[in-house]
Amino acid sequence: MIDGHGRRIDYLRVSVTERCNYRCFYCMPDGTAPCSRRAETLTTAELTRLVALFAALGVRKVRLTGGEPLVRRDLPELVAGLRNLPGIEDLSLSTNGHLLAAQAAKLKAAGLDRVNVSLDTLDPAIFAGITGQDAVAHVLAGIEAARAAGLTPIKVNTVVLKGVNDSEIEPLLDYAVVRGLELRFIESMPMGAGSTLAERHFYPAEAILERVRTYCGADLIPVKGGRGAGPARYYQMGAGPARVGVISAVSQHFCASCNRVRLTATGDLILCMGQEGAVPLGGLMRAGASDPELRAAILAGIARKPERHDLATTNSPHTMFMLGG
């Protein structure tokens, strides 16, 4: 699939549920619109059918997201179904980690390759203030279970929020380096009901990198080809093997190399996280559309994928928990 700006689209992020067992204030603040009805969420068979169409069109990397995907009871069955699709080379999952300890081995057996785990702090009080739960121990146990199950490399995602958890940059570096985890610091993004809070607590990627540089006492060396299939820029910390990533969607967007689209839990194909526009694949499918008709709808959507977002000046019309990151 080639969009109207010459970019090859080979990466699909699939939200399997809008529901989440956390209420992170920058993602689901008070006043957030309610989740869709359960009946509107696509079944495992429906999701597998749509992902198969994307795989046939050239998607090679699929990431399962949410909400929190581990609250979906049939997730292992979905993973197994997607693992068997021709063309899918990389199947991963983003999670808050709360339920991961109990499910890591089962997901690995079903065919999941690796996980990304959200961890904004190691401090229990800060964690509770962000998520609404005193549960950081659950996340840390989930990471250890993922390591034991072989869901590696494990990427740890930290949204840095000025005045909230920016004091945790250095402790998280220590935590990740010792365990061989791939730590990525993320700028808060103005999305949906959390836009005002994201702007208030915005901490730019360059300031994060300067903190990392000062703490490790060495130059940060850009990793050649280190962006990979995702949005992070990676840096090697001095002469050692440890590296750190930053995702600077606001201050230094990476739209020119965007290779991804997103499928919501209700089957809407989102072409850009920061722009209006969606293709209602779920609705078309439930209305009886054939595979050729769905394929045509996908290609028509890809052709009009926006050139870039405008998150530096305009809030996203989407909400993070519905979009899946």
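Model, not experiment: these values are computed from the prediction. Counting from 1, residues in each chain are numbered in the order their sequence is written. Totals for whole chains, interfaces and linings use all residues, but because this is a predicted model, local features are given only for residues with pLDDT of at least 70 and pairs of side-chain atoms are given and counted only at 80 or more. Side-chain metrics in this entry use all non-hydrogen atoms of the structure; hydrogen atoms and water are not considered.

Participant: Tell me what's going on with the overall build of the protein chain, and back it up with residues and numbers.
Facilitator: Helix and strand assignments follow DSSP, with helices taken as H or I runs no shorter than four residues and strands as E runs no shorter than two, numbered in order from the N terminus. A count of helical and extended segments in the protein chain gives eleven helices and twelve strands. Residue exposure (1.4 Å probe, protein chains only): buried if accessible area is under 20% of the type maximum, exposed if over 50%, otherwise partly exposed. When each of the 325 residues of the protein chain is scored for burial, the buried share is 55%. Partitioning the contacts of the protein chain with sequence separation of at least 6, the portion at a separation of at least 24 is 73%. Every accessible area reported is derived by Shrake-Rupley at a probe size of 1.4 Å, with residue values counting cover from the shown protein chains alone. Working note: accessible area of the protein chain is about 13100 Å², and carbon and sulfur atoms make up 54% of it. Residues count as neighbours in contact if any of their non-hydrogen atoms are within 4.5 Å of one another.

Participant: Mind laying out unusual backbone geometry, listing which residues take part and the relevant values?
Facilitator: Omega for the bond connecting G66 with G67 falls within 30 degrees of zero, at 10°, which places this linkage in the cis form. Between T152 and the following residue, P153, the backbone shows a cis peptide bond with an omega angle of 0°. Structurally, P153 is set in the loop between α5 (136–149) and β5 (155–160).

Participant: Before we move on, could you go through the side chain of S92 and cite the residues and values that matter?
Facilitator: Its place among the elements puts S92 in strand β3 (residues 90–95). Discounting chain neighbours no more than four positions away, the residues touching S92 are V62, R63, L64, L112 and R114.

Participant: Can you tell me about the packing of aromatic side chains, naming the residues and giving the values?
Facilitator: Working definition: a ring pair exists when centres of Phe, Tyr or Trp rings (six-membered ring for Trp) sit within 6.5 Å. Plane angles under 30 degrees give stacked, over 60 give edge-to-face, the rest tilted. Evaluation of the coordinates by the stated rule reveals two aromatic pairs. Between Y22 and F127, the ring centres sit 5.7 Å apart and the planes meet at 85°, which makes this aromatic pair edge-to-face. With Y22 in the loop between β1 (11–15) and α1 (44–56) and F127 in helix α4 (residues 124–131), this residue pair connects regions lying 105 residues apart in the sequence. For F127, a relative accessible area of 3% puts it in the buried group.

Participant: Quick one: what's the story with the pattern of salt bridges, residue by residue and with numbers?
Facilitator: A side-chain nitrogen of Lys or Arg and a carboxyl oxygen of Asp or Glu constitute a salt bridge if their distance falls within 4 Å. Under the counting rule described, the total for this entry stands at 15 salt bridges. A salt bridge links D3 to R7, with the shortest nitrogen-to-oxygen separation between them at 2.7 Å. For R7, a relative accessible area of 7% gives the class buried. With its nearest N and O atoms 3.1 Å apart, the salt bridge here joins R147 to E144. Taken together, the residues span about one helical turn, with R147 and E144 both in helix α5 at a distance of three residues.

Participant: Tell me what's going on with the sheet that holds strand β11 (residues 268–270), and back it up with residues and numbers.
Facilitator: In short, DSSP must find at least two bridges between two strands for them to pair. Ordered in space as β7-β8-β9-β6-β5-β4-β3-β2-β1-β10-β11-β12, the twelve strands form an open sheet in which the pairing is mixed. Every other strand in the sheet has two partners, leaving β7 (220–222) and β12 (278–280) as the edge strands with one partner each. Pairwise comparison of adjacent strand axes, ignoring direction, gives a mean angle of 25° for this sheet. In the sheet, strand β2 (residues 61–65) pairs with β3 via four bridges, with the strands oriented parallel. Across the sheet, V62 pairs through a bridge with L91, a residue of β3. Where helices are involved, their axes are fitted lines through C-alpha atoms of the stretch in contact, as for all axes, and angles between N-to-C directions lie from 0 to 180°.

Participant: A description of helix α3 (residues 100–110) should follow, citing residues and the corresponding values.
Facilitator: By the burial criterion, the buried members of α3 are L100, Q103, A104, L107 and A110. An end-on view of α3 places all buried positions within 135° of arc, on one side of the element. Facing away from the buried surface of α3 by more than 90 degrees, the exposed residues are A102, A105, K106 and A109. Looking at the buried residues of α3, the elements they touch are α2 (75–83), β3, β4 (114–118) and α5. Of the residues flanking the end of α3, it is G111, one or two places downstream, whose phi is positive at about 120°. Starting at the helix axis, one direction is taken to each C-beta atom, and the arc is that of these directions.

Participant: Give a detailed account of the nonpolar core, specifying residues and quantitative values.
Facilitator: Formed by 94 residues in total, the largest nonpolar core has its most connected members in L64, F185 and L281. At six residues, α1 tops the list of elements feeding residues into this core. Not counting the four nearest positions on each side in its chain, L64 is found in contact with V14, V16, P69, L75, V79, L82, L91, S92, L93 and S94. Residue types Ala, Val, Leu, Ile, Met, Phe, Trp, Tyr and Cys, when buried and joined through side-chain atoms within 4.5 Å, form a set referred to as a nonpolar core.

Participant: I'd like to hear about helix α10 (residues 291–303), residue by residue, with values.
Facilitator: In this analysis, the expected span of each helix is defined as 1.5 Å times one less than the number of residues it contains. With 13 residues, α10 should reach 18 Å at 1.5 Å per residue; the first-to-last C-alpha distance of 18 Å fits that figure. Within the span of α10, buried status applies to L294, A297, I298, G301 and I302. Along the axis of α10, the buried residues cluster in a sector spanning 135°; they form a single face. Along its buried surface, α10 packs onto α1, β10 (260–263), β11, β12 and α9 (281–286).

Participant: So what about the environment of R213? Which residues, and what values?
Facilitator: Here R213 shows up in helix α8 (residues 205–216). Note: C-alpha distance between R213 and M237 (24 residues apart in sequence) is 7.7 Å. With sequence-adjacent residues up to four places away left out, R213 is seen in contact with A218 and L220.

Participant: Before we move on, could you go through the side chain of E170 and cite the residues and values that matter?
Facilitator: Relative to the elements of secondary structure, E170 occurs in helix α6 (residues 169–179). The class for E170 is buried, based on a relative accessible area of 17%. Sequence-distant contacts of E170, defined by excluding residues within four places in its chain, comprise R211 and Y215.

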